[in-house]
Amino acid sequence: MYAVIEQGGKQYKVSQGDVIRIELAEVAPDAKSIELDKVLFVSDGTDIKVGTPYLEGAKVIASFQTVAEDALVRGPKLYPTHFRRRKNSSRKMGHRQKYLQLLIDAIEA
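As the structure is a computational prediction, the values presented were derived from the model and not from experiment. By convention here, each chain's residues receive numbers from 1 onward along its written sequence. Where local features are concerned, this predicted model is filtered to residues with pLDDT of at least 70; where side-chain atom pairs are given and counted, the filter is 80 or more; whole-chain, interface and lining totals use all residues. Side-chain calculation: all heavy atoms of the structure are included, whereas hydrogens and water are not.

A. Up close: the confidence of the model for the protein chain. Mean pLDDT over the protein chain stands at 90; residues scoring 70 or higher make up 95%. The least confident element of the protein chain, judged by mean pLDDT, is strand β8 (residues 72-78) at 89; the most confident is strand β2 (residues 10-15) at 96. Per residue, pLDDT measures the predictor's confidence, with a range of 0 to 100. Counting from the N terminus, the helices are DSSP H or I runs at least four residues long and the strands are E runs at least two residues long.

B. View of the sheet that holds strand β1 (residues 2-7). Paired strands are those between which DSSP finds at least two bridges. Sheet architecture is open: 4 strands sit in the order β2-β1-β5-β6, paired in antiparallel fashion. Of all strands in the sheet, those bounded by a partner on one side alone are β2 and β6 (48-50). On average, each strand axis in the sheet is tilted by 15 degrees relative to the strand beside it, whichever way the strands run. Taken together, the 6 bridges between β1 and β2 define a ladder with antiparallel strand orientation. For helices, the axis comes from a line fit to the C-alpha atoms of the stretch in contact; other axes are also lines fit to C-alpha atoms, and the angle between any two N-to-C directions lies between 0 and 180 degrees.

Below, the structure is given as structure tokens:
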């Protein structure tokens, strides 16, 4: 069984036991799990359910592998560069995105 969920403007294909990284979201510091209720698609091999745009009553339950505060993962360091030719002007900045790392426990449809 797998599902397609939407979180932070992105779509993720998940199944039970997967470990995914989503964009940083507001969660309580003592939370053990999170419910993702923006489910777009659910399939169990034979039966397919498609939402318009979301499925009613469907949700994906995911847990943090550690405490919610420690589930914060930092992505790779990126260096966007702005360069203007023949102007002796260039600028280099650094950026590191923060993610939440989740373990998919159950898909309820």
